[in-house]
Amino acid sequence: MTDSVLFIAFPYVAVVVAVAGGVYRYFADRFSYSSMSSQFLENRMLFWGSVPFHYGIVIILLGHIMGGLFPYYSNFLIVNVFHMYTLELGGIALGLLTNFGVILLIIRRLVYPKLVPETTLMDWVILLVLLAQVLSGSYIAHFYRWGAVWYPYSPVPWLKSLAHLDPQIDFITPLPWIIRFHALNAFVIVGLIPFTRLVHIFTAPVTYIWRPLQVVIWNKKAAR
Amino acid sequence: MNIRSQVSAVFHLDKCIGCHTCSIACKNIWTGRKGTEYMWWNNVETKPGVGYPCLWEDQKKYRGGWKERNGKPELIMHNRASALANIFFNPFLPRLDDYYEPWTYRYGDLFGAAEGDDQPVARPVSAITGKEMEIEAGPNWDDDLSGSPIYAANDPNFASLNEEERKQFFALESMVFFYLPRICNHCINPGCLAACPAGAIYKRGEDGIVLVSQEKCRAWRMCITGCPYKKTYYNWSAGKSEKCIFCYPRQETGQAPACFHSCVGRIRYLGVLLYDADRIESAAGSPAGSIARKQLELILDPFDGEVIKEAKAQGIPDAVIEYAQKSPVYKFVKAWNIALPLHPEFRTLPMLFYVPSLLPVMAHAKGNLHEVGHDFFGSPDNARIPIRYFAALLSEGNEEAIRAIYRKLVAVRVYRRARTVGNIPEARVNKALDEAGTNPDEIEAIYRLTSLPSVEDRFVIPPFMREAAIEEVTDPLNKRESEGAGFTRKPKRGW
Ligand code: SF4
Ligand code: SF4
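In this text, all values refer to a predicted model and were calculated from it rather than measured experimentally.

J.: Looking at this structure, I do not really get the overall build of chain A. What am I missing?
T.: What chain A contains, in helices and strands, is 8 helices and 1 strand. The N-to-C order of helical and strand elements in chain A reads α-α-α-α-α-α-α-α-β. Projecting the C-alpha coordinates of chain A onto the three principal axes gives extents of approximately 60 × 40 × 40 Å. In chain A, which comprises 224 residues, the share counted as buried stands at 42%. Expressed as a percentage of contacts within chain A between residues at least 6 apart in sequence, the contacts between residues at least 24 apart total 79%. Side-chain charges in chain A split into 14 positive and 8 negative, and the spacing between the mean points of these groups amounts to 17 Å.

Structure, rendered in structure tokens:
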């Protein structure tokens, strides 16, 4: 019963909250969509925190997503010992980088008095949840080696079953508690998105690659 | 030809008395909120000096503005890919310390202090942390500090002066300074706009005012670096960038911007210019040394029949064309050629122009007497502020451009002195006029608009045609009974 709540109901709730909340916030309070950068107030430590954290987490997240979308494709990667080692080492290194970053980001908000008034309760919540996520991720990477081998065969089928609206928790419940925690905490983060600055992820400014460098807006004409 | 109209301005530096009234007028209206305390959309700097934020002109430090490559402008700070790569940390972002830590005073202590032997004091508290603080810098910390080895000596414009000229700024009796009021230039090739990854900044088509959409800004904070004048600011509390809005709500109702309206020295002129938008790129990408000239070439003659015809065909309202003909800015910049853009080498094509200051006049000692302005009227090169300094500020180092302006300004003075005091021989007057390539009519016009302008002469605010814009969208009275006049949604507080 608990398992059904945790591994079936909760993920759905989290995703629904994320989508509905995010969309609602976008249309009701677009002003609040912001990355809320604090670089202006503190610059040096932010560099060592923000850059490793973001690069680490973005690549790791992409790895999770690719592994989830193309589980069998990853077979090609793991038949070769060299590839396997590269993946494993790369994953562990990125994990450490991300840990380093998020820990610095937390310390930074504790030690710089100028950052205190700018830090909201939700900032602390999301920082701690992220810390739990990257710490547990690194723990798993270290103690349950070769994630590239097992990840596509147990957590991914569970995620897939959720996506197909045919939840099968047998894929996830037998796994060690830390892995289950990592999976659940991921959905906690998803559910928190609309209530925190994490919304900035979905407004990543990729359009800068192609947008015209000058923007002129007319009252009556579309463009000129 | 792609004709656009732009509300533009001229600041006459000779007239600025450095009173900072403009800055206060602006602050009172726009930047009193949390997170904006440190912003001065209008600020007045003492030159020579480091300015606000500290050393803003030094683009080795801040990487603002454009450079030229293959005849095209390119942002100095980033290209499209590196913009995204640097999104987690902008390596060239100025920090709060480059401006100053804003503060207020604990005034309540003056009333609430317990009785004692000493006078109570109001201690300064940081507007950011709310804690007591030591004040170490302010927005005009180098006010009047010309000659100071800390502030004036670090003025980036000194780079182009020779040793002797530099010394002159620091020697007693020849020490000199003037004021440089600055607002956003509402450029026609804005660096802030081009730098914004989210595309939140835009230029209004009808009047050229550059704005940051508060709903689209996501605090990627690239505009702050992109603007070489450091006229976009980061609201650290709201997580949004903000900038001078040229008081568009005032202008739309026929009033001059607050800083213009309150200007004590009456140094500010406002008017509309027509320019050719097709040539923006080539002007901004023109070879070093010709940028200011190319920019002035973009500005079209509103009396030219061709231009009028074309402007009408492109939908520019007749009233705007008429105001372009009355524009004092057009007179200063194009008809009389005595105003130049600030730091044209930044290539943003700023639409705020400055008349360089001629005064103060050098005093010469003769025995026990000091004679003021002895040979000054003779040659602009005797001006107390080296020509080269103004050339570094306004003309990419082109001294002849400054000299030409000086000759005209001197001619105005010589001519008017001959008319009013009468102690200058006619031949000398004619020589000054000839040298400046001007005539009595032009001189009188410059004199009138410089010394005796009324409010209507200084601020020729074009009709903003908002009624035409609004009728396209919705009638402001439509929802008067339900949501309220002018509202489309109930102005209810959100979360
Ligand atoms: S002065 Fe700066 S902020 Fe203003 S339009 Fe130009 S680049 Fe943008
Ligand atoms: S109000 Fe006018 S005179 Fe006074 S500092 Fe500002 S620009 Fe100069």
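That covers the picture; the talk isn't over yet.
J.: Is there a simple way to explain the side chain of Asn-235 of chain B in this structure?
T.: Residue and element names in this part refer to chain B. Along the chain, Asn-235 turns up in strand E10 (residues 232–235). For Asn-235, a relative accessible area of 2% corresponds to the buried category. A polar side-chain atom of Asn-235 sits 2.9 Å from the main-chain amide nitrogen of Ser-237. Once you skip the residues sitting within four places of it in the chain, Asn-235 turns out to touch Arg-33, Lys-34, Gly-35, Thr-36, Met-39, Lys-240 and Glu-242.

J.: How do you make sense of the environment of Pro-440 of chain B when you look at a structure like this?
T.: Residues and elements named next belong to chain B. With respect to the element layout, Pro-440 can be found in helix H19 (residues 440–451). In this structure Pro-440 comes out as partly exposed when scored by relative accessible area, which is 36%. Measuring from C-alpha to C-alpha, the distance between Pro-440 and Leu-211 comes to 42 Å, with 229 residues separating the pair along the chain.

J.: How do you make sense of the sheet that holds strand E9 (residues 210–212) of chain B when you look at a structure like this?
T.: Consider a sheet: its strands pair through backbone hydrogen bonds, and that pairing is either parallel or antiparallel. Strand order across the open sheet formed by 3 strands is E1(A)-E8(B)-E9(B), with mixed pairing between neighbours. Strands at the two margins of the open sheet, each flanked by one partner only, are strand E1 (216–217) of chain A together with E9 of chain B. With 2 bridges joining them, E1 of chain A and strand E8 (residues 201–204) of chain B adopt parallel strand pairing. For Ile-217 of chain A, the partnering residue across the bridge sits in E8 of chain B and is Arg-204 of chain B.

J.: What's the story with the site of ligand 2 in this structure? I'm lost.
T.: Near ligand 2, the surroundings consist of 14 residues, among which Cys-16, Cys-19, His-20, Cys-22 and Cys-263 of chain B are the closest. Among the residues forming the shell around ligand 2, the class breakdown is 9 nonpolar, 4 polar and 1 charged.

J.: How do you make sense of the site of ligand 1 when you look at a structure like this?
T.: Around ligand 1, the neighbouring residues are Cys-184, Asn-185, His-186, Cys-187, Pro-190, Gly-191, Cys-192, Val-210, Cys-227, Tyr-229, Thr-232 and Lys-243 of chain B. Along the lines of polarity and charge, the residues of the shell around ligand 1 split into 7 nonpolar, 4 polar and 1 charged.

J.: Would you explain the interface of chain A and chain B in this entry?
T.: By a frequent convention, interface size equals the accessible area lost on bringing the separate parts together. Contacts between the two partners involve 48 residues from chain A and, on the opposite side, 63 residues from chain B. In total, chain A and chain B occlude about 5,000 Å² of area from one another, counting both sides; carbon and sulfur atoms represent 58% of this. Applying the counting rule to chain A against chain B returns 1 salt bridge. Residues Glu-101 of chain B and Lys-114 of chain A are paired through a salt bridge, measuring 3.6 Å at the closest nitrogen-oxygen approach. At the junction of chain A and chain B, the tally comes to 27 residue pairs in polar contact (both at pLDDT 80 or more). Put simply, the parts of the chain that give the side of chain A that touches chain B at least two residues each are helix H1 (2–28), helix H2 (44–69) and E1 of chain A. Broken down by element, the side of chain A that touches chain B gets its largest block of residues, 7 residues, from H2 of chain A. Partitioning the side of chain A that touches chain B into residue classes produces 26 nonpolar, 12 polar and 10 charged.

J.: Please explain the confidence of the model for chain A as it appears in this structure.
T.: The predicted coordinates should not be examined in detail at positions where pLDDT is low. Overall, the predicted model of chain A reaches an average pLDDT of 91, with 96% of residues at or above 70. Across chain A, the secondary-structure element scoring lowest on mean pLDDT is helix H3 (residues 74–78) of chain A, at 69, and the one scoring highest is helix H8 (residues 177–192) of chain A, at 96.

J.: In this structure, what is going on with helix H12 (residues 291–298) of chain B? I would like to understand it.
T.: Residues lying three or four places apart along an α-helix face the same way, a consequence of the helix completing one turn every 3.6 residues. Residue and element names in this part refer to chain B. For H12, the complete set of buried residues consists of Ile-291, Ala-292, Gln-295, Leu-296 and Leu-298. Take H12 and look down its axis: the buried residues cluster within an arc of 150°, on one side only. Packed against the buried residues of H12 are strand E12 (268–276), helix H11 (280–284), helix H15 (328–335), strand E13 (340–341) and strand E14 (352–355).

J.: What's the story with the environment of Thr-21 of chain B in this structure? I'm lost.
T.: All names here are of chain B. Looking at the element boundaries, Thr-21 is found in helix H1 (residues 21–30). The class of Thr-21 is partly exposed, set by a relative accessible area of 27%. Taking the C-alpha atoms as reference, Thr-21 lies 9.4 Å from Val-44; in sequence the two are 23 residues apart. Apart from the residues within four sequence positions on either side, Thr-21 is in contact with Ser-262 and Val-264.

What counts and what doesn't
- Residues numbered from 1 in each chain as written.
- Chains lettered and ligands numbered in written order.
- Predicted model: local features only at pLDDT ≥ 70, side-chain atom pairs only at ≥ 80, totals over all residues.
- Heavy atoms only, no water.
- Helix = DSSP H or I, 4+ residues; strand = E, 2+ residues; numbered from the N terminus.
- Buried < 20%, exposed > 50% of the residue type's maximum accessible area, 1.4 Å probe, protein only.
- Contact = heavy atoms within 4.5 Å.
- Lys, Arg positive; Asp, Glu negative; His and termini not counted.
- Charge placed at Lys NZ, Arg CZ, Asp CG, Glu CD.
- Polar contact = N/O pair within 3.5 Å; in protein donor to acceptor, adjacent residues only side chain to side chain.
- Pairing = 2+ DSSP bridges.
- Near = heavy atom within 4 Å.
- Nonpolar A, V, L, I, M, F, W, Y, C, P; charged D, E, K, R; others polar.
- Buried area = accessible area lost by both parts, 1.4 Å probe.
- Salt bridge = Lys/Arg side-chain N within 4 Å of Asp/Glu carboxyl O.
- pLDDT = per-residue confidence, 0-100.
- Arc of directions from axis to C-beta.

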